[in-house]
Amino acid sequence: MSNIIPFKPRHERDCERNLQDFVARARDELTLFEEQGGFDTKSWKMIYANGKPVSMSFTELGAEARHEGAPMREPFASFAKAYVRERQSLKAVNPANMMAVLKHVYVGLLAIHETPDILKFDGPALRVAVESIQGRIGSSLRYRVGNELVTFLKWLKDSKICLTTPSWANPWKRPGSRAQGTSREDREWQKERLLTQDEILVIGEAFRLAETKEHIYYTAVSALLLNAPSRASEVSSLTVECIDEESGLKEIKNEETGKVEIKEVDLPFLNWDAAKGGGFMPKTIHPDMEGTIREAVRRITELSQPARDAAAWAIEHPDRFYRHAGCITAPGHGEDQALNYAEFCAAMGVKVAGVWKSNLFDPADWSAQLDTKWFRVLRQGKTQITYRDLARFTVEKYKKAFPKWPYMGKRKDRLVSEQLCLLRENEFHVDFQPKAYSWVSPSVNDLNHRLAGRPKMKVPKPSMFTELGLHLPDSSPLEITSHQLRVWGSTQAERGDMDAITLALFAGRVRIDDNEAYDLRTPDEMEAQSRALMGIQRAQTGGELAIAAIQINKPVTFAMLGDPDRHGTAQLTGYGICEHDYSMTPCEKHGDCMACTEHACIKGLPKQLERLRALDKTTENEFRRAMDATEFGEYGADKWVTYYAKRLAVIRTVIRMYQDDNVPDGTVVRIPEELVPSNTQVALLEQGLKTEIVSDEPVSQNMIDRAQNEMLAIFGGVNEAQAS
């Protein structure tokens, strides 16, 4: 009777088997973090694409925040490592919230069941885990940890590992943005957070005065961040060829006539890779910043050249050491020839200690002078050290900071040796020379230490502004963070009436709502906008109402467009406003707004003239292609000539009305029904004969006359081309 096996429900046996299979697969088949000791160590470290390291410790919660406890007990330790390895193998993310969930679940299991077995995780254990999160994690982070706990609980059920886990919803709300707070503390925070004009001028002055390599580098990086709202970590995605140009329209004052004209020019932009899902994008360089940005890129390019040379050598010759200027071996010294103590020190940039030992070749004899961890790793199992040993050691060391080596990151067409902001290790160190064979990517902390200094160190280090002798008008020092540069740029864009979608894209944000967290305009500015919103219809009339409404992101009603009896709002297009009733029929023009009689163009709408010019250029190209096809006798091509001629006539008519000083801003320009010509009218126009079309409205009649003249000119050009 003593050999009878107790009954075990089948679902429990299945969960246990699933857990065993899951842990075995993660331990034996997945390889992530294996080089760090795998399941045999209590901590792992991952490296972000920008080179920033983050640690994961499989330990209990410490008695105080930021203090680690004892290592996690089995079987939870193996499960936790398997869970992290699985998740990070699928997609590398910041593991902070994941580790927090695992640690607090561990607390719940011990408190209720006295054993850290995930198969026993149930409602009471979950309650303790939630209470632990509530008590130990601040309100600003609790929302994210709660979301991660929801993900974890769902994964347990979906993986059939623990079926006793109850349903749970995150009770913690997303923390409100202090940028929109109205309390005294929030207002003080907003005032301190937003850079003043005086502070911006000090940053600009630092760029002008910079002379040392360190000051030149960090003032140049600050200039890049001031060009557009950007994260400091994103500069690591820039290449030495980051400035590019594209064709665009720009307002230029004609020195002869004194008038502002719109001309097609090459507009510069920065090829930028926005973090947190923003992706690759062109960040336009402000005209007033173009000279500064080009100079900043030039300065950084010059400073980063030695590090890029070292990285390029490592990519092309991973098993050959980079023979830099400090090497003292003979030119013909082979890769596999032994190095003596002096030659080794010269190659690695180490100070020679004791001249009498310079000719020793056995690394065991060097230990007294080189008792460091890195040297012990390098010489392990060796009776001599060669340049090839140094090559393998240094390449392995420095490429770890670049997970996609030899590529910069997500871009598979750019090598690390092309990275703009690349430096050598100890590049700006006071006591040590830069390591000529190295390449590193400075972190956000490095930049912030120069912007704000390090006053809490044993030997306080001032900011670079203080080192340059710069201060604010009240003689106080300037100490800022890189994030304040991003906030300032975003707030300035808000002040300049940049629309929400454009601002989100410009700043590399995935969520439009995130704009609010960076909008630090004063309450007076906000109130002025609100008053403008409430008083808009009393202050303006006609199409000016629609323009003003669009500028403050207010819907455009049909009443604003001159139809007071029609309820509802119109839809903004790339060239004006669509008045079609989509509840009755879908778009009958398939998005061809400039050929639609239900589309209104309003003179004065931002960017409309620029877009119409671009559309005119594209349409003219298609018109020329249709003409060429007609000359070659392609069937039906003549119909396309007629089609594009009509479109060109309408587009050019609207452009000329926009340019006409006699047509006031706010004028609503619609394509009249009369301007949709019949086949007979088109045939007459092709023969150079103008037909009589009359409209009751002066604006419509003006447009009809202009459009017919445009079409006559277009067909006249066609006839001349065919005759020649």
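Because the structure is predicted, anything quoted here is derived from the model rather than measured. (Residues numbered from 1 in each chain as written. Predicted model: local features only at pLDDT ≥ 70, side-chain atom pairs only at ≥ 80, totals over all residues. Heavy atoms only, no water.)

## As for a nonpolar patch on the surface
Then comes step 1: On the surface, Ile-501, Leu-505 and Ile-512 cluster together into a nonpolar patch covering about 290 Å² of accessible area.
Then comes step 2: Along the chain, Ile-501 falls in helix H16 (residues 500–507). (Patch = residues over 30% accessible without salt bridge, like charges linked within 9 Å, V, L, I, M, F, W, Y side chains within 5 Å. Areas by Shrake-Rupley, 256 points an atom, 1.4 Å probe, with all protein chains shown as cover. Salt bridge = Lys/Arg side-chain N within 4 Å of Asp/Glu carboxyl O. Helix = DSSP H or I, 4+ residues; strand = E, 2+ residues; numbered from the N terminus.)

## A closer look at the side chain of Glu-579
Then comes step 1: As for its position among the elements, Glu-579 is in the loop between strand S9 (577–578) and strand S10 (599–602).
Then comes step 2: Once residues within four sequence positions are removed from consideration, Glu-579 is found in contact with Phe-558, Leu-561, Arg-566, Glu-598, Ala-600 and Arg-670. (Contact = heavy atoms within 4.5 Å.)

## Here we look at the pattern of salt bridges
Then comes step 1: Inspection of every chain in the model, using the stated rule, returns 32 salt bridges.
Then comes step 2: The closest approach of N and O atoms between Arg-388 and Asp-319, which form a salt bridge, is 3.3 Å. Here Arg-388 is found in helix H12 (residues 387–399), whereas its partner Asp-319 is found in the loop between helix H9 (290–316) and helix H10 (341–348), with 69 residues between them in sequence.
Then comes step 3: Residue classification places Arg-388 among the buried residues on the basis of a relative accessible area of 17%. (Buried < 20%, exposed > 50% of the residue type's maximum accessible area, 1.4 Å probe, protein only.)

## Some words on the nonpolar core
Then comes step 1: Ranked by size, the top nonpolar core spans 50 residues in total, and within it Ile-203, Tyr-217, Leu-224 and Phe-465 carry the most contacts.
Then comes step 2: Looking at this core element by element, the count peaks at nine residues for helix H8 (residues 213–227).
Then comes step 3: In contact with Tyr-217, not counting residues within four places along its chain, are Ile-300, Leu-303, Cys-421, Leu-423, Phe-428 and Pro-442. (Core = buried A, V, L, I, M, F, W, Y, C linked by side-chain atoms within 4.5 Å.)

## So, helix H15 (residues 482–495)
Then comes step 1: Over its 14 residues, H15 extends 21 Å from the first C-alpha to the last, a length consistent with the 20 Å expected when each residue adds 1.5 Å.
Then comes step 2: Summarising burial for H15: 11 of the 14 residues are buried, a large majority.
Then comes step 3: The inward-facing, buried residues of H15 contact helix H6 (184–193), helix H7 (197–209), H8, helix H13 (444–452) and H16.
Then comes step 4: The first or second residue beyond H15 is Asp-497, which carries a positive phi of 65 degrees. (Expected span 1.5 Å × (residues − 1).)

## Digging into the side chain of Ser-132
Then comes step 1: Mapped onto the elements of the fold, Ser-132 is located in helix H4 (residues 123–136).
Then comes step 2: Ser-132 sits in the buried class, given a relative accessible area of 11%.
Then comes step 3: With near-sequence residues (within four places) excluded, Ser-132 lies in contact with Leu-61, His-104 and Val-107.

## Thoughts on the packing of aromatic side chains
Then comes step 1: This model, assessed by the stated rule, comprises 33 aromatic pairs.
Then comes step 2: The interplanar angle of 85 degrees and the centroid separation of 5.4 Å between the aromatic rings of Trp-640 and Tyr-643 together place this pair among those described as edge-to-face. Highlighted residues: Trp-640 and Tyr-643, both in helix H21 (residues 637–659), separated by three residues, approximately one helical turn.
Then comes step 3: Residue classification places Tyr-643 among the partly exposed positions, given a relative accessible area of 31%.
Then comes step 4: Clustering of aromatic rings is evident, with ring pairs tying together Phe-22, Phe-76, Phe-79, Tyr-83, Tyr-106, Phe-152 and Trp-155.
Then comes step 5: Above the ring of Phe-207, the side-chain terminus of Arg-299 is found at 4.1 Å from the ring centroid. (Phe/Tyr/Trp six-rings, centres within 6.5 Å; stacked < 30°, edge-to-face > 60°. Lys NZ or Arg CZ within 6 Å of the ring centre and 35° of its normal.)

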